[in-house]
Amino acid sequence: QVQLLESGGGLVQAGGSLRLSCSASGRTFSRYAMGWFRQAPGKDREFVAAISRSGGITRHASSVKGRFTISRDNAKNAVYLQMNTLKPEDTAVYYCAADASQASGSTWPHQYDYWGQGTQVTVSS
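Since this is a predicted model, take the numbers as computed values, not measurements.

Chemist: Break down the sheet that holds strand E3 (residues 18-24) for me, citing the residues and quoting the values.
Modeler: Strand order in this open sheet of four strands is E1-E3-E8-E7, and the pairing throughout is antiparallel. The sheet terminates laterally at strand E1 (4-7) and strand E7 (68-73), the two strands that pair on one side only. Averaged over all adjacent pairs, the angle separating strand axes in this sheet is 15 degrees, with direction ignored. Note that E1 and E3 share four bridges and pair antiparallel. By the bridge assignment for E3, Leu4 is matched with Ala24.

Chemist: How would you explain the pairing of E3 if you had to name every residue and give the values?
Modeler: Within E3, five of the seven residues are buried, leaving the element largely enclosed by the surrounding structure. Alignment of E3 against strand E8 (residues 78-83), held across six bridges, turns out to be antiparallel. In the sheet register, Leu20 faces E8, and the bridge partner there is Leu81.

Chemist: Lay out the state of the cysteines with the relevant residues and their values.
Modeler: This model, assessed by the stated rule, comprises one disulfide. Note on cysteine connectivity: Cys22 is disulfide-linked to Cys96, with sulfurs 1.9 Å apart. Taking the torsion about the sulfur-sulfur bond, which here is approximately 45 degrees, the covalent link between Cys22 and Cys96 counts as right-handed. Of this pair, Cys22 sits in strand E3 while Cys96 sits in strand E9 (residues 92-99), and the two are 74 residues apart along the sequence. For the pair Cys22 and Cys96, one class covers both residues: buried.

Chemist: Help me get a handle on the environment of Trp115, residues and values and all.
Modeler: By the element assignment, Trp115 lies in strand E10 (residues 114-115). Sequence separation of Trp115 and Leu11 is 104 residues, and the distance between their C-alpha atoms is 23 Å. Filtering out sequence-adjacent residues up to four positions away, Trp115 remains in contact with Leu4, Phe37, Arg45, Tyr95, Cys96, Ala97 and Pro109.

Rules behind the numbers
Residue indices begin from 1 for each chain and proceed along its sequence in written order. Whole-chain, interface and lining totals are the exception, using all residues; otherwise, since this is a predicted model, local features are given only for residues with pLDDT of at least 70 and side-chain atom pairs are given and counted only at 80 or more. Only hydrogens and water are set aside when side-chain values are computed; all heavy atoms of the structure are taken into account. Pairing between two strands requires that DSSP report at least two bridges joining them. Under the scheme used here, helices are H or I runs from DSSP no shorter than 4 residues and strands are E runs no shorter than 2 residues, and both carry numbers assigned from the N terminus. Here an angle of 0 to 180 degrees is reported between the N-to-C directions of two axes, which are lines fitted to C-alpha atoms, with helices fitted over the stretch in contact. The cut-offs for exposure are 20% and 50% of the maximum accessible area for each residue type, with area from a 1.4 Å probe on protein chains only; residues under the lower value are buried, those over the upper are exposed, and the others partly exposed. Any two cysteine sulfur atoms within 2.5 Å of one another count as a disulfide. The contact rule is simple, with two residues in contact once any of their heavy atoms fall within 4.5 Å.

Spatial relationships are all this shows, so hold off on functional conclusions.
Now the structure itself:
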């Protein structure tokens, strides 16, 4: 089992940057593919980015490609989401999630086994 804790959210103006972090408990972090999802008020949870167990494979949603970058540091039990050129439509609660069954990380939220509590990102225009 793994516990996840997100941090780094906040209020930023459009065009600005934020770096989200997700810290994981336990000594088996490298066994999990990791993902970032977000949920805006009144909308479904949507995929943002995923990274494989080793960090060698990443995928990003088309809406964030070229602006957001997912990375991980298995020695620190952490996964990150660097967000640049933020837009008001990026406003949402951002969640990190751990997938125990797939090596490369899925775009489907139902595939993930563990979730953090989320961190709010608000982008003002």
